[in-house]
Amino acid sequence: MRAPRNPADFAGRRALFAGGALMVGLTQVLLAGLTGLRASQTGLGVVSQNIANANTPGYVRTEVTLAPRTELGAGAGVEVSGIKRAADRFLATASYIASAASGAASTRADILGRAPAHFGDPNQAASMFAQLDVFWTALTELGVDPASALRRSDAVHSLESMFVEVQRIGESLQGLIAEADQRLADAVGLAQNLIDRIAALNSEIRLSKRTGADSSGAENAQSALVDELSSLLDVRITGVPEGGVHVRTSGGALLVGVTPARLSYAAGNPQSGVFGTITLNEDVGAFSNLEPYILGGSIRGLLDVRDKDLPNLAQSLGAFAATLGDTLNAVHNENASSPAASTLTGRQTGLIGADTLGFTGAATVGVLDAGGHLRQRLTVDFDAGQIVGEDPAATYTFGLSIGSFVTALDAALAAANPSGGASFANGVMSVNAGSGGLVIQQDRANPSDRAGRGFSHFFGLNDLVSRPSPSFFENGLQGADPLGLNAGGEMIFQVRDGAGRVLANRTISISGALSAPGASWDDLLAALNTAGTGLGEYGSFALDPASGQMKFTPGGAYAVNLTYDSTQRGGTGVSVSALHGLSHSANARRAMETHVDSAILSNPLLLAVGRPDLSADIGKRVIEAGDNRGAAALAAARDMTRSFAAAGAMPAQQTTLASYAARLGGEAGRLSAAAERAAQGAKAVSTAANDRRAEVEAVNIDDELVRMTAYQNAYAASARVIQAAKEMIDVLMAIGYR
């Protein structure tokens, strides 16, 4: 039987247990104080980082998230459960959208804002508009004294100065296009650099999260990069659970995923109007044109300026130069200089001798002696296919081809003067009186006509304004006319859909049947309109029955561009695109290649200031040195209402040359002003979006100072708790072990 325990033993043990429980409690207090110190230190560090980056663009403030520790039960202290950025996904997305819109608009405004300066102030003497007015004034003054060589020279050189100014403007627009293209290449390179850095930070953020480290620094750096990228491209951000982001364009193209996308672009050739495309992941075989998926940002603005705004202005300027020259040539071909020129050499038509003549109506060719007297009158009746001469009286018949007509005209001129004649070689017609002079006029009752122009005007036999290639594209060709293209040439077409995506590249080679002697324009049209090898599934090519110009009619929302053309028609050196105006450059280059005819420029006495009377009797004088009717007709062309086809930025319209020139300059100013207004509006929206985002995400110094004070107080309180617990432990230790 066990002996009863001593009551004193029970009391000692109870005291021991109580002391142990108290020690455990004090230990928890120490841990609570220690965790409080650590949490306060972390909070102070985060607040200090926020304050230090208060003025850092794109910095998102960081916040500490605290939670109770429960390892030893309630009251075990506090722990830092996370450090996160105060980012708002929806406000950030709104900021990206606004930044992209502002980037696109400001880029357009920057480049288009310089275009009107190239056109110049109409009030400045050196501007295109002022130079044109000087020319009209010079023509009016020439009418007062048409025999004055000085006044003729003034008129000719003022017109040439105007065309030189047009050329300068055209080259300046091409320079802006080249600048936009180079800036595009630079922007794509910068975007690639940002994409690579964003992807690299994805890896760093994921690693930090796996190890429990603070990833907010990397996330802030990544956010700043995304902000910068959003000004170049319109981007959308998707968070990844394990850390980091995926970046896509608004159109859905993935820029940053598991790995960064690879963008590439090389600057093109502004002179030809052919540019490359921005490709996505071309190096891994997933070739894709990124451009349709870019809906905003400065890259979108550069694309729009390069491909739409500036080319449209350049084409309108080319149309103005060509129309001005064509209008003056129509008048000049009806008149003559005094004395009349003995040889008339025409323009480059791009035609060959086997082409159908295609004229209707009648024209008159007058052969003059050195004194300006009518020596022979040749009446050309295109409907009847004959040339009727009066002295000597003879009839010369011709067939349906240009070559046949030139043969008959050559015989008729040779009969008037053995040294006279006519030829048509390499697309250019030339007529020669031998001695004396030549005058060609339309029949008043039944004027000749091919594609809307008279005989002399169409062949440019007495042109005032010239260009190495055809200035107008109404060539009068028929489907059955011989194709005449040299073997080996080719045309490359690019097809895009309504969104700008490249659907196909088709090459038409001049080989086989198309290079055979019997090939016709109908054969080329058939090749172009064949589905699969041609462009038949995207639309159709056809010759306009009224003008002979080849035109493409899309079968849907397709855009077909001729990107390369090495064809040549016989010995003319004229390509299919230059003959029909199939490419943008063929239209735009008219502004840079149109000038006063070199023969008239070197000898202003060849300016046709008189109106010969070819209805006079044989032997009568038909032209006088003081005749000013030709100069008056040229001056009247300024206010002659005529039809202008749609060209680039200018719609089809009926107006005068003076009004068209003013509207062209006004269109450049309108585009610039509209772009500037759009840029200001987009900037205001972007500023508002960024301000709203900053209200939530940015650092507020006052708030951070309050947090700093709170953390400092918490730190001090935790320190006092630790000190109190230490003192209690010291007392307990002294009591228990005394």
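A brief structural summary. Everything quoted here is computed from the prediction, not taken from an experiment. Within each chain, residues carry numbers counting from 1 in the order of the written sequence. Note on the predicted model: pLDDT of at least 70 is required for a residue's local features to be given, and 80 or more for side-chain atom pairs to be given and counted; whole-chain, interface and lining totals, by contrast, use all residues. Hydrogens and water are ignored here; the side-chain numbers use all heavy atoms of the structure.

## Re the packing of aromatic side chains
Here the distance between the centres and the angle between the planes together describe a pair of aromatic rings.
For step 1, the next point in the chain: Working definition: rings of Phe, Tyr and Trp (its six-membered ring) pair if their centres are within 6.5 Å, and the pair is stacked with planes under 30 degrees apart, edge-to-face with planes over 60 apart, and tilted otherwise. In the structure shown here, the tally under the stated rule is 19 aromatic pairs.
For step 2, the next point in the chain: Centre to centre, the rings of Phe-359 and Phe-455 are 6.0 Å apart; their planes meet at 80°, and the pair counts as edge-to-face. Highlighted residues: Phe-359 in the loop between strand S8 (343–345) and strand S9 (362–368) and Phe-455 in helix H9 (residues 455–459), separated in sequence by 96 residues. Each member of the pair, Phe-359 as well as Phe-455, carries the same accessibility label: buried.
For step 3, the next point in the chain: Centre to centre, the rings of Phe-644 and Tyr-660 are 4.2 Å apart; their planes meet at 10°, and the pair counts as stacked. Highlighted residues: Phe-644 in strand S23 (residues 642–644) and Tyr-660 in helix H16 (residues 657–697), separated in sequence by 16 residues. Taken individually, Phe-644 and Tyr-660 each receive the classification buried, so the pair is uniform in this respect. What counts as a helix is a DSSP run of H or I of at least four residues, what counts as a strand is a run of E of at least two, and both are numbered from the N terminus. Remark: exposure states derive from per-residue accessible area (1.4 Å probe, protein chains only) relative to the maximum for the residue type, with buried under 20%, exposed over 50%, and partly exposed in between.

## A word on helix H4 (residues 128–144)
For step 1, the next point in the chain: Residue count minus one, scaled by 1.5 Å, sets the expected span of a helix. The terminal C-alpha atoms of H4, which comprises 17 residues, lie 25 Å apart, in line with the 24 Å expected from a rise of 1.5 Å per residue.
For step 2, the next point in the chain: Listed as buried for H4 are Met-128, Phe-129, Ala-130, Gln-131, Leu-132, Phe-135, Trp-136, Ala-138, Leu-139, Leu-142 and Gly-143.
For step 3, the next point in the chain: The contact rule is simple, with two residues in contact once any of their heavy atoms fall within 4.5 Å. Buried positions along H4 lie against helix H3 (115–119), helix H5 (149–211), helix H7 (297–332), helix H15 (629–636) and H16.

## A look at the sheet that holds strand S11 (residues 386–390)
For step 1, the next point in the chain: Read from one edge of the open sheet, 5 strands run S12-S11-S10-S9-S15, paired in antiparallel fashion. Strand pairing shows two members of the sheet lacking a second neighbour, strand S12 (393–397) and strand S15 (437–442), which therefore form its edges. Strand-to-strand twist in this sheet, taken as the mean axis angle between neighbours without regard to direction, amounts to 15°.
For step 2, the next point in the chain: Here a strand pair is declared whenever DSSP counts at least two bridges between the two strands. As defined by bridge partners, S9 adjoins strand S10 (residues 374–381) across 7 bridges and the pair is classed as antiparallel. Considered in S10, the bridge of Ala-362 is made with Asp-381.
For step 3, the next point in the chain: Think of each axis as a best-fit line through the C-alpha atoms, taken over the contacting stretch in the case of a helix, with angles from 0 to 180 degrees between the N-to-C directions. With respect to the sheet, helix H8 (residues 402–416) is in contact with S9, S10, S11, S12 and S15, its orientation differing from that of S10 by roughly 160°.

## Considering the side chain of Ser-298
For step 1, the next point in the chain: Tracing the backbone shows Ser-298 in helix H7.
For step 2, the next point in the chain: Contacts of Ser-298, omitting those with residues within four sequence positions, involve Gly-103, Ala-104, Thr-107, Ser-231 and Leu-232.

## Here's the deal with unusual backbone geometry
For step 1, the next point in the chain: Here the residue pair Ser-338 and Pro-339 is connected by a cis peptide bond, since its omega of 5° sits within 30 degrees of zero.
For step 2, the next point in the chain: Looking at the secondary structure, you find Pro-339 in the loop between H7 and S8.
For step 3, the next point in the chain: The amide bond that connects Asp-391 to the next residue, Pro-392, takes the cis arrangement and shows omega of 5°.
For step 4, the next point in the chain: Tracing the sequence through the fold places Pro-392 in the loop between S11 and S12.
For step 5, the next point in the chain: Even without being a glycine, Asn-426 presents a positive backbone phi close to 55°.
For step 6, the next point in the chain: In this structure, Asn-426 sits in the loop between strand S13 (421–425) and strand S14 (428–432).
For step 7, the next point in the chain: Residue Asn-426 is classed as partly exposed on the basis of its relative accessible area, which comes to 48%.

## Let's talk about the layout of surface pockets
For step 1, the next point in the chain: What the second largest pocket holds in volume is close to 480 Å³.
For step 2, the next point in the chain: The distinction between a cavity and a pocket rests on a 1 Å grid over the protein atoms alone: a 1.4 Å probe fits inside a cavity but cannot get out, while a pocket stays open yet meets protein on both sides within 12 Å along at least five of seven lines, and a residue with an atom within 4 Å of a point counts as lining. What lines the second largest pocket is a set of 20 residues, among which Arg-85, Ala-87, Ile-237, Gly-239 and Val-245 lie closest to the centre.
For step 3, the next point in the chain: Of all the elements in the fold, those that place two or more residues in the lining of the second largest pocket are strand S2 (78–85), helix H2 (89–112), helix H6 (216–232), strand S3 (235–239) and H16.
For step 4, the next point in the chain: Gly is placed with the polar residues, together with every amino acid not listed as nonpolar (Ala, Val, Leu, Ile, Met, Phe, Trp, Tyr, Cys and Pro) or charged (Asp, Glu, Lys and Arg). When the residues that make up the lining of the second largest pocket are grouped by side-chain class, the tally is 7 nonpolar, 6 polar and 7 charged. Grid points are joined across faces, edges and corners, and a volume is the space filled by probe spheres set on the points.

## Considerations on the environment of Ser-208
For step 1, the next point in the chain: Relative to the elements of secondary structure, Ser-208 occurs in helix H5.
For step 2, the next point in the chain: Placed 15 residues apart in sequence, Ser-208 and Asn-193 show a C-alpha to C-alpha distance of 23 Å.
For step 3, the next point in the chain: Look past the residues within four positions of Ser-208 in its chain and what remains in contact with it is Ala-213, Asp-214 and Ser-215.

## Structural notes on the nonpolar core
For step 1, the next point in the chain: Each nonpolar core is a collection of buried residues, namely Ala, Val, Leu, Ile, Met, Phe, Trp, Tyr and Cys, held together in the definition by side-chain atoms within 4.5 Å. Counting residues in hydrophobic clusters, the biggest one holds 98 residues, and the most contacted among them are Leu-173, Ile-299, Phe-320 and Leu-328.
For step 2, the next point in the chain: The element contributing the most residues to this core is H5, with 22 residues.
For step 3, the next point in the chain: Leaving out residues up to four positions away in the same chain, Leu-328 has contacts with Phe-135, Trp-136, Leu-159, Leu-464, Val-465, Leu-634 and Ala-637.
For step 4, the next point in the chain: Counting residues in hydrophobic clusters, the runner-up holds 60 residues, among them Ala-412, Met-429, Phe-458 and Leu-525.

## Quick look at the sheet that holds S14
For step 1, the next point in the chain: What the 3 strands build is an open sheet, ordered S8-S14-S13; its pairing is antiparallel. With partners counted over all chains shown, the strands left at the sheet margins are S8 and S13, one partner each. The average undirected angle you get between the axes of adjacent strands in this sheet is 10°.
For step 2, the next point in the chain: In terms of strand pairing, S13 meets S14 through 5 bridges, oriented antiparallel. Along S14, the bridge assignment pairs Ala-422 with Val-431.

## A word on the pattern of salt bridges
For step 1, the next point in the chain: One speaks of a salt bridge when a side-chain nitrogen belonging to Lys or Arg is within 4 Å of a carboxyl oxygen belonging to Asp or Glu. Tallied over the entire structure, the rule returns 29 salt bridges.
For step 2, the next point in the chain: Salt-bridge contacts for Arg-114 lead to Asp-110; the nearest nitrogen and oxygen are separated by 3.7 Å.
For step 3, the next point in the chain: Owing to a relative accessible area of 31%, Arg-114 belongs among the partly exposed residues under this scheme.
For step 4, the next point in the chain: For Arg-692, the salt bridge identified is with Glu-695, shortest N-O distance 3.4 Å. Within this pair, Arg-692 and its partner Glu-695 are both found in helix H16, separated by 3 residues, close to a single helical turn.
For step 5, the next point in the chain: We classify Arg-692 as partly exposed; its relative accessible area is 42%.
For step 6, the next point in the chain: In this structure Glu-695 comes out as exposed when scored by relative accessible area, which is 61%.
For step 7, the next point in the chain: One connected set of salt bridges, linked through shared partners, spans Asp-110, Arg-114, Glu-179 and Arg-183.

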